[in-house]
Every structure is written in C-alpha cells, then in structure tokens.
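Survey of secondary and tertiary structure
Okay, here's what each chain looks like letter by letter:
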Amino acid sequence: MNETNEAPDASQCLVRAHALMDRSRYEDAAAWLQRGLQADPNNAECFSFLALCWMNLDDKKRESVDAARRGVSLEPESPLTHGVLALTLLNQAKDGQDEPVREALASAQQAIQLDPDSCFAQSTLARLYLRLRRWPEAEAAARKALELDTTDASAAEILSVALLQQGKHETNDELVRQQLQQHAEEDSAHSSAGWNALQKGDYRKANEHFMEALRLNPNHEGARLGLVESFRSRSWFYRTLIRFNAFLSSLTEGRQTAIWLGGYLTYRLLYGYLKDRAPLVASLLAGCWLLLVFWTALARGLSSLLMMLDRFARQCLKPIEKWEGIVVGGMAVLALIMFGVSFVLGKWVQMLALAMFLGAIPAASAFNNDHYIGKWFYWAVAGFCVVCAFYPLIAVILSGWDIGLPWSSEALLAGIVTAVAFSFVRMFNLGYR
C-alpha cells in the first residue's frame, strides 16, 4: 500500500487494521480504521471494528458504544454490527448496571436471529450469559460457537469458565488438554489452563500458564487477573477461600443464600443452647463464626499485602489492588500485633486493635466490590466504622489531660453493630459484586 502518494481506500485500511488487531495493537488499528472512514464515511464494517479497538482502550470505551451504534444504524441487517454493539455495551456496563446488559443481550440475540450460523454471534451470546452467571446457557452457546468454528479460542475460553463454574472438572480437563495441544500459541488456551490449575490448588502451574498467556498477549486482562490470583494463592488462607468460593459458585444464588442463612441460624441456635450449659464451647463456636467472617472478608487484602513484599509479584498489581493490600491487609496485621502487645501495654491498645478490625472489614468490602453504587455505600460504612472506633480511642488519650469527650462508649457500640451488620449484608451480596 502506498501511504504517501495515494490515499488508501476503506478496504485497504480494514486489511491493515485486522493485521494490527491480531497483534493487539488496538490504538494503531483504530488510526487505520479512522483513515478508512475518511475514505468511506458510511462504512459500517469500519465503524464496528473501530468500536472493537476502542473497547480495548481505557480512554475510548464510551466512544466505542457510539461507534458500534453508528455501525448498526448503517447496516441494521448485519449480525456483525449487532454483535459488536452487544460486546461494547457489555464491556462498558459495570456490575449492578442491569439496563446496558439487557440491551446487550437483546443485541446479541438479534445477531443470532439474523444469522444462526455466525460463530461470532454465538460466542458473543455465550459471553453475555457468562456475565449474567447463567452457566448452562453460556456452555450451550459456547459449544454451538465451537461447532461452527473449532478454532475459536475465545469460545473455548468461555466454555472452560462455564464448565469450571458448574463443577464439571473432568470435562474441562479434557477441553484444556485439547486446547493446549491444538492451540499452544493462543493466549486464551493458556489462560483457560491457568484457571483450571488454580481451581485445583496448583498455583505454580497456574502461574506458568498465566505468564505464558501474558507473553503471547500482554493485554489479556483475564490472564493478568489470574496471575494476581496465583500469586495471592501462595498463602494457604487465600487458597482455601478460592476453593470455598468455587464450591459456592457451583450452586445457584438461592442455594448460596440458603447456606449462609441456614449457617447463621444454626450458629445462633447452637450458641443459645450452649451459652449457659457449656460457656467455653459456646465461646469457641462464636470464635469460629467470627473467624469465618474475618477470613472471607480479609483474606484477599492480606494476600495482596503479602504480594507487596515480593518485588516481582507487586508489579502485577494495579494501583487500586496495591492500596487494598496496604489498607485492608495493613489494618488487619496491625490489629493482630496490637492485640498481642495489649497484654503488656493495657486495654487502650485493644481499643485501637478493635478500631483496625472494624475499619478493615467494610473497607475490604469497598475495595473488592465492582457494584457501581454499592462500593460507595461500603466506603461510607467503612468511614463511619473507623470514626466510631477511633473516637473512643481519642477520648481515652485526651482523658490523660482531663479533657472529656461525650458519647465515646455509644460511638464504639454503634461502630461494632454497624460493622457486624454489614458483614452479614455482604454475605448475601446486597450491593456487592
């Protein structure tokens, strides 16, 4: 193609853009697609692929939906334009935002209605079902996509996730083996193998596969998340949490709620029965329940803190994940240390330790929360708990100078009640994803 003497037409720009997209050079590909649109402003294919490129650029995600809509308006009978619109809407929608996801689902279904034999449309529908946690439907759509194109690594990756979430480990093992044999140079094949190994607790093998996936495609966000999880899984308490979450994920939301609710009611009944008859056993039971609450809330933050101590592992963390380790993990560790030294320095140190725990639990729910509204709510709760816990501490310190602060006991009680109440709210995933 002569770039200096003759302006390329839209088809030439599309060819060049496809080559760049295959190498994950989305910004360069977008530039060529924009040149294609200068040559042909009504080219729906250019708009659709431009939307796919912008979808992969953090500062262009909003424009990607506009470009996809423009493609649909130009070619409303094209499964490609509807499929791309579904992907861009899905990519922009935050957890808890149901309206864009519903629109994306309708667009993906429209793409299949226009062409039931489109592998791209079936794969897009499978991705939608995956986001909606409709695992059996995601599996069915991904299998259909693979029937249409056995080399579709993206559909195979979606199928692998759907199988894992349904606890179909043997089927997934076979799928992963096939993908690695047939597509050893595909990043998605190694990403699937990594998640499969991680679910089995083999974090070293998972680490190797995620590293290979990122070598093949540095922009593979799923592989980066998997690499972070594999580093976190070096700690036994986080590995246990992953297995526990995998068990819960294999159940329906109704059964998950029943387990948590049934567990809490069983705990309360047993505690009430043992409280007067065997106080020590009742205290141990209460300790186990609180340990479960602390463990599920703080394991991720503590593991991120451990990653911060590893020069290589911390490079995989995003800034928000580093802050999670510093704030949540740091507060939990400081609380444990202070509980230890409180036997020497006195009860006022215990109050500071309590303050750390009270703030760490809702803070963990804020950091590890993708719900577009819920995370701000949990941040507000975390701030309230920290203030309620530190206020009595300040009151104790000022009392040494004969300065009294009112309502310190009430503030501490309010903080405790709020922290405990929202630990239960989180268990049932209210405002939390």
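Look up: the structure comes first, before these words.
What this report covers is the structure whose coordinates are included nearby. (Residues numbered from 1 in each chain as written. Predicted model: local features only at pLDDT ≥ 70, side-chain atom pairs only at ≥ 80, totals over all residues. Heavy atoms only, no water.)

Next up on the list: the overall build of the protein. Summing up its helical and strand segments, the protein has 20 helices and zero strands in all. Put simply, the protein has 433 residues, and 46% of those count as buried. In the protein, 59% of the contacts between residues at least 6 apart in sequence involve partners at least 24 apart. Working note: accessible area of the protein is about 22400 Å², and carbon and sulfur atoms make up 58% of it. (Helix = DSSP H or I, 4+ residues; strand = E, 2+ residues; numbered from the N terminus. Buried < 20%, exposed > 50% of the residue type's maximum accessible area, 1.4 Å probe, protein only. Contact = heavy atoms within 4.5 Å. Areas by Shrake-Rupley, 256 points an atom, 1.4 Å probe, with all protein chains shown as cover.)

Taken as a whole, this structure holds three cavities of 30 Å³ or more when the rule is applied. Roughly 40 Å³ of internal volume is contained in the largest cavity. What lines the largest cavity is simply Ala153, Ala156, Glu157, Ser160, Leu175, Val176, Gln179, Ser188, Ala189 and Ser192. Broken down by secondary-structure element, the contributors of at least two residues to the lining of the largest cavity are α9 (153-165), α10 (169-182) and α11 (187-199). Ranked by residue count, the leading element in the lining of the largest cavity is α9, at four residues. Classifying every residue of the lining of the largest cavity gives five nonpolar, four polar and one charged. (1 Å grid on protein atoms, 1.4 Å probe; cavity = no way out; pocket = protein on both sides within 12 Å on 5 of 7 lines; lining within 4 Å. Points joined across faces, edges and corners; volume = space filled by probe spheres on them. Nonpolar A, V, L, I, M, F, W, Y, C, P; charged D, E, K, R; others polar.)

Our focus in this paragraph is the environment of Ser423. Relative to the assigned elements, Ser423 resides in helix α20 (residues 408-427). The exposure class assigned to Ser423 is buried, which follows from its relative accessible area of 9%. A sequence separation of 58 residues divides Ser423 from Ser365, and the C-alpha atoms of the two residues are 8.5 Å apart.

On to the pattern of salt bridges, then. Counted under the stated rule, the structure contains ten salt bridges. Note that Asp28 is salt-bridged to Arg25, the shortest N-O span being 2.8 Å. Accessibility expressed as a relative area gives 34% for Asp28, which makes it partly exposed. With a relative accessible area of 38%, Arg25 lands in the partly exposed category. In this structure, Glu208 and Lys205 form a salt bridge, with 3.6 Å as the shortest nitrogen-oxygen distance. Of this pair, Glu208 and Lys205 both sit in helix α12 (residues 203-216), three residues apart, which is roughly one turn of that helix. Given the relative accessible area of 48%, Glu208 is considered partly exposed. For Lys205, a relative accessible area of 37% translates into the label partly exposed. Because the salt bridges share partners, they merge into one network encompassing Glu139, Arg143 and Lys168. (Salt bridge = Lys/Arg side-chain N within 4 Å of Asp/Glu carboxyl O.)

Bringing α10 into the picture now. Between its first and last C-alpha, α10 extends 20 Å over 14 residues, near the 20 Å set by a 1.5 Å rise per residue. Of the positions making up α10, those classed as buried are Asn172, Asp173, Leu175, Val176 and Gln179. Relative to the axis of α10, the buried residues are bounded by an arc of 165 degrees and lie together on one face. The exposed set on the far side of α10, more than 90 degrees from its buried face, consists of Glu170, Gln181 and Gln182. The inward-facing, buried residues of α10 abut α9 and α11. (Expected span 1.5 Å × (residues − 1). Arc of directions from axis to C-beta.)

Together, Glu27, Asp59, Glu63 and Asp66 give the surface a local cluster of negative charge. Mapped onto the elements, Asp59 comes out in the loop between α3 (44-55) and α4 (61-74). (Patch = residues over 30% accessible without salt bridge, like charges linked within 9 Å, V, L, I, M, F, W, Y side chains within 5 Å. Lys, Arg positive; Asp, Glu negative; His and termini not counted. Charge placed at Lys NZ, Arg CZ, Asp CG, Glu CD.)

What follows concerns the nonpolar core. Met21, Leu33, Leu52, Cys53 and Leu128 are the most contacted members of the largest nonpolar core, which totals 59 residues. When residues of this core are assigned to their parent elements, the largest contribution, nine residues, is made by α3. Apart from the residues lying within four places of it in its own chain, the contact partners of Leu52 are Met21, Val84 and Leu87. Counting residues in hydrophobic clusters, the runner-up holds 17 residues, among them Leu298, Phe357, Ile361 and Ala364. (Core = buried A, V, L, I, M, F, W, Y, C linked by side-chain atoms within 4.5 Å.)

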